[in-house]
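Report on the structure
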Amino acid sequence: MDKTPKTAIRGMMLYVLALIVLGVLAGAVYTIYGHPADPSERPAAETIPQKATAPQ
């Protein structure tokens, strides 16, 4: 086989670098916005009223 063109290697390196950057940005966004800021805040599942059992 022939040698791999340098432009293809550069393109792949750029692609991998872009994936890493996007991963870091996504992790930062999740860390900032992905959980409640106040730990004392109740989870949404606790605020949903439970259905009463139907009378027999």
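All figures in this text were calculated on a predicted structure; none of them were measured in a lab. (Residues numbered from 1 in each chain as written. Predicted model: local features only at pLDDT ≥ 70, side-chain atom pairs only at ≥ 80, totals over all residues. Heavy atoms only, no water.)

**Quick word on the overall build of the chain**
Filter applied, for reference: Here a helix means four or more residues in a row that DSSP labels H or I, a strand means two or more in a row labelled E, and each is numbered from the N terminus. Accessible area is worked out with a 1.4 Å probe on protein chains only. A residue is then buried under 20% of its type maximum, exposed over 50%, and partly exposed in between. Only the protein chains shown count as covering a residue, and every accessible area follows the Shrake-Rupley method with a 1.4 Å probe.
Across its full length, the chain holds two helices and zero strands. Counting across all 56 residues of the chain, residues that qualify as buried make up 0%. Looking at the chain as shown, the accessible area adds up to about 5,900 Å², and 69% of this sits on carbon and sulfur atoms.

**Notes on the UniProt feature "transmembrane region" (unreviewed entry) in the chain**
What counts, and what does not: UniProt positions are given in the numbering used here, feature names are shortened, and annotations may be inferred rather than shown by experiment.
As recorded in UniProt, the sites labelled "transmembrane region" (unreviewed entry) are residues 12-33. Across residues 12-33 one finds 100% helix and 0% strand; the C-alpha atoms that close the span lie 31 Å apart.

**Thoughts on a nonpolar patch on the surface**
The condition that has to hold: Surface patches are drawn from residues lacking salt bridges whose relative accessible area is over 30%; two like charges belong together within 9 Å, two nonpolar side chains (Val, Leu, Ile, Met, Phe, Trp, Tyr) within 5 Å. Within this document, salt bridges are pairs made up of a side-chain nitrogen of Lys or Arg and a carboxyl oxygen of Asp or Glu, the two lying within 4 Å of each other.
Where nonpolar side chains cluster on the molecular surface, the patch consists of L14, L17, V21, L22 and L25 and spans about 500 Å² of accessible area. Considering the arrangement of structural elements, one finds V21 in helix 1 (residues 6-33).

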